[in-house]
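Residue-level listing of the chains:
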Amino acid sequence: MRLKEKHEITEVAEALSHFEGFLRRRGFKVTRTRLLIAERALSMPGHFSAIELWGALRDRGTSVATVYRTLDLLAEAGLVRRCTLAGTSGAIYESCLGRRRPHGHLVCRNCGRAIEFKSQGLETELQRIAEAQSFCLEEAVIQGIGLCSRCRKALS
Ligand SMILES: [Zn+2]
Ligand SMILES: [Zn+2]
């Protein structure tokens, strides 16, 4: 189930109860571990990998596999977004809470930092191009690759 655009969830507590409802509807058990992973994932300020999230939870005895599985469920519930950033291997996640949608990423090819920017206009343009080709656009991934200001300074 996708979250309605109109009602945007911005609080972790509300997101957790939404996730609980999602798990129950799908016939999954609501376990302490799942909720713990969800809470941490939803509170992450920036982009993170499953391994980084697992590292943040390491003392709780959670397995990497459970972290991956829970992130998949959170993505299905529309609470976490999975994005593939150019130049990085593996999926990167971001919490949907309080995040601009849609947004694009400027990815630094040196340090891997991803800077977010508003991409509404670009997505509208992509949609227009797709429609002209009778192409059904399911997702717009807008990224720029280059060097961030820090790396430009360090490398000059
Ligand atoms: Zn950089
Ligand atoms: Zn982002």
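Not measured: the values here are computed from a predicted model.

1. What to know about the domain arrangement of the protein chain
Taken as a whole, the protein chain is organised into domain 1 (12–95) and domain 2 (103–155). The C-alpha centroid of domain 2 is placed 24 Å from the C-alpha centroid of domain 1. Listed as interface residues are 5 residues of domain 1 and, on the opposing side, 7 residues of domain 2. Residues belonging to the side of domain 1 that touches domain 2 are distributed by class as follows: 2 nonpolar, 3 polar and no charged.

2. Some words on the sheet that holds strand β5 (residues 143–146)
Hydrogen bonds between backbone atoms are what pair the strands of a sheet, whose relative direction is either parallel or antiparallel. Strand order in the open sheet formed by 3 strands is β4-β3-β5, with mixed pairing between adjacent strands. Each having just a single partner strand, β4 (114–118) and β5 make up the two edges of the open sheet. With strand direction ignored, the average angle separating the axes of adjacent strands in the sheet is 20°. Relative to β4, strand β3 (residues 103–108) is paired through 5 bridges, and the arrangement is antiparallel. Bridged to Gly104 within β4 is Phe117.

Conventions used here
Residues numbered from 1 in each chain as written. Chains lettered and ligands numbered in written order. Predicted model: local features only at pLDDT ≥ 70, side-chain atom pairs only at ≥ 80, totals over all residues. Domains from an automatic or database assignment. Contact = placed C-beta atoms within 7 Å. Nonpolar A, V, L, I, M, F, W, Y, C, P; charged D, E, K, R; others polar. Pairing = 2+ DSSP bridges. Helix = DSSP H or I, 4+ residues; strand = E, 2+ residues; numbered from the N terminus. Axes fitted to C-alpha atoms, helices over the stretch in contact; angles between N-to-C directions.

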